Amino acid sequence: MLSFDAEGRLLTWFSPLFAPGTLYKRALDSRLLGRRQQGGQRRRWQAEDAEQERVFAALLGAAAQAQADLASPLLDRVLAWTPARLRAEQERFAAAYAPVSILPPDQYFAVVVQATRGCSWNRCTFCTFYRDRPFSVQTPDDFAAHLRAVADLLGEGARLRRSLFLADGNALMLSNGKLLPLIAQARAAFPGREVHGFLDVFTGSRKSVADWQELREAGVRRVYLGLETGHDPLLAWLDKPGSAAQATALIHDLKAAGLNVAPIFMIGVGGQTYAAAHLADTRRLLERLPLGAGDLVYLSPFVPHGDYAARARDSGVLPLTPAEREAQAEALRGFLRAHKPGVQAARYDIEEFMY
């Protein structure tokens, strides 16, 4: 099974003959992610150059065979993408984007536009997504050049991408005076698409309901909030500003403005030391949130990065076992089913991200 965008570039490939049981996904910069079930666990890896070369050559052979059986203009485009040409997409991607570090899973096929670079806080112990760049805001002229480069990179492949994701880490924290012109530029470049983006509690709380209503009228539809936990002492231990009370107030404001929300909680964060309080206070927070149809709760298996491991070691915080993490996730899923009918709970596996 092969899938391509309208430019003929590979998206995914699954073959029962080549690497049986493996699904390959190609990023826009032609990095290749492999995934398969092994020993009851899901294994993921980024293909090295030699494996990437074999995969690209084999998929072109499969496409050529399909073309022999079924003439198709799309397959003509596919066959024009030699392995060397696919690898060269890395340079075109770098010309259009700073690294795209993370997206919500339902936005993997958005048109990502980087109104900001980096994260305005960038000090959480568990996160290294934006440590390689300072926080900055694109000027209108620079943003216009970025939009042109993105449009050139995507080409006809943009037809597959039906939403706009305003990156980087918390672009929606910008004042409306700065944000609204950037949103207008993005929607003019990629018309007919609604806008989504990340937001932190401690920056989002500065805006009023009227501010959020103004953004909704400008095309913003869903706001993704990394709440991580409802347990305030754990947030403090993670060096993440904000509180459950602030999260509750902010999400009430967002919903009052007519926006959908997607709070994100980390499964297993804080290990055994915080497990009981993390689960209990996260359930209490979820109970207070005015979630409904169109909202989405993400449960993200915690993967330690950055300074977290050293802090956990120094504090004697032991990780949960895989079974304990799954039990925590199921407890939250069960709570949502019982108390928030119509609200979808979904897995957010950061190890499977690619754009």
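Because the structure is a prediction, the values reported are computed rather than measured.

## Remarks on unusual backbone geometry
Then, number 1: With omega at 10°, the peptide bond leading from Ala167 into Asp168 counts as cis.
Then, number 2: Among the secondary structure elements, Asp168 is positioned in the loop between β9 (163–167) and α6 (176–189).
Then, number 3: The phi dihedral of Asn122 falls on the positive side, at around 60°, and the residue is not glycine.
Then, number 4: With a phi close to 70°, Glu228 is a non-glycine residue in the positive phi region.

## Here's the deal with empty space enclosed by the protein
Then, number 1: One pass over the structure, following the stated rule, counts one cavity of 30 Å³ or more.
Then, number 2: Residues that form the lining of the largest cavity fall into these classes: seven nonpolar, four polar and two charged.

## Here's the deal with the side chain of Thr282
Then, number 1: You can see Thr282 is positioned in helix α11 (residues 271–288).
Then, number 2: When neighbours within four sequence positions are excluded, Thr282 is seen to be in contact with Thr229, Gly230, Phe265, Ala277 and Leu332.

## Considerations on the pairing of strand β2 (residues 10–14)
Two faces make up the sheet, and in a regular strand the side chains alternate between them.
Then, number 1: Inspection of the sheet shows strand β1 (residues 2–4) paired to β2 by three bridges, in the antiparallel sense. Following the sheet pairing, Ser3 is matched in β2 by Thr12.
Then, number 2: The loop that links β1 with its antiparallel partner β2 comprises five residues; one of these, Gly8, has a positive phi angle of about 90°.
Then, number 3: With three bridges joining them, β2 and strand β3 (residues 23–26) adopt antiparallel strand pairing. From the neighbouring strand, Thr12 faces β3, where its bridge partner is Lys25.

## Remarks on the environment of Asn122
Then, number 1: Positionally, Asn122 belongs in the loop between β7 (116–117) and β8 (136–137).
Then, number 2: A residue is classified by how much of its surface remains accessible, and Asn122, at 18% relative accessible area, is buried.
Then, number 3: With twelve residues separating them in the primary sequence, Asn122 and Pro134 have C-alpha atoms 8.7 Å apart.
Then, number 4: If sequence neighbours within four positions are ignored, Asn122 has contacts with Tyr130, Arg131 and Arg133.
Then, number 5: Looking at Asn122, its side chain comes within polar contact range of the main-chain oxygen of Tyr130, at 3.1 Å.

## Brief notes about the domain arrangement of the protein chain
Then, number 1: When cut into domains, the protein chain gives domain 1 (2–88) and domain 2 (97–352).
Then, number 2: Each of domain 1 and domain 2 has a C-alpha centre, and these two points are 30 Å apart.
Then, number 3: Facing eleven residues of domain 1, the contacting portion of domain 2 comprises 13 residues.
Then, number 4: For the pair domain 1 and domain 2, the interface holds five salt bridges.
Then, number 5: Between the two partners, domain 1 and domain 2, sit eight residue pairs in polar contact (both at pLDDT 80 or more).

## Focus: the sheet that holds β3
Then, number 1: Pairing within the open sheet is antiparallel, and its five strands lie in the order β1-β2-β3-β4-β5. Since the sheet does not close on itself, it has two edges, and those belong to β1 and β5 (41–46), each with one partner. Averaged over all adjacent pairs, the angle separating strand axes in this sheet is 15°, with direction ignored.
Then, number 2: Running at roughly 85° to β2, helix α1 (residues 49–69) makes contact with β1, β2, β3, β4 (32–38) and β5 of the sheet.

## Some remarks on the pattern of salt bridges
Then, number 1: For the coordinates displayed, the defined rule picks out 25 salt bridges.
Then, number 2: Taking the shortest distance from any N to any O, the salt bridge between Arg44 and Glu351 comes out at 3.3 Å. Of the two residues, Arg44 sits in strand β5 while Glu351 sits in the segment after β14 (344–347), which places them 307 residues apart along the sequence.
Then, number 3: With a shortest N-O distance of 3.1 Å, Arg222 and Asp106 are connected by a salt bridge. Residue Arg222 is located in strand β11 (residues 220–228), and its partner Asp106 is located in the loop between α4 (89–96) and β6 (111–114); the two are separated by 116 residues in the primary sequence.
Then, number 4: With relative accessibility at 17%, the residue Arg222 sits in the buried group.
Then, number 5: Salt bridges sharing partners connect three or more residues here, namely Arg35, Arg42, Arg44, Arg347, Asp349, Glu351 and Glu352.

Cut-offs and rules
- Residues numbered from 1 in each chain as written.
- Predicted model: local features only at pLDDT ≥ 70, side-chain atom pairs only at ≥ 80, totals over all residues.
- Heavy atoms only, no water.
- Helix = DSSP H or I, 4+ residues; strand = E, 2+ residues; numbered from the N terminus.
- 1 Å grid on protein atoms, 1.4 Å probe; cavity = no way out; pocket = protein on both sides within 12 Å on 5 of 7 lines; lining within 4 Å.
- Points joined across faces, edges and corners; volume = space filled by probe spheres on them.
- Nonpolar A, V, L, I, M, F, W, Y, C, P; charged D, E, K, R; others polar.
- Contact = heavy atoms within 4.5 Å.
- Pairing = 2+ DSSP bridges.
- Buried < 20%, exposed > 50% of the residue type's maximum accessible area, 1.4 Å probe, protein only.
- Polar contact = N/O pair within 3.5 Å; in protein donor to acceptor, adjacent residues only side chain to side chain.
- Domains from an automatic or database assignment.
- Salt bridge = Lys/Arg side-chain N within 4 Å of Asp/Glu carboxyl O.
- Axes fitted to C-alpha atoms, helices over the stretch in contact; angles between N-to-C directions.

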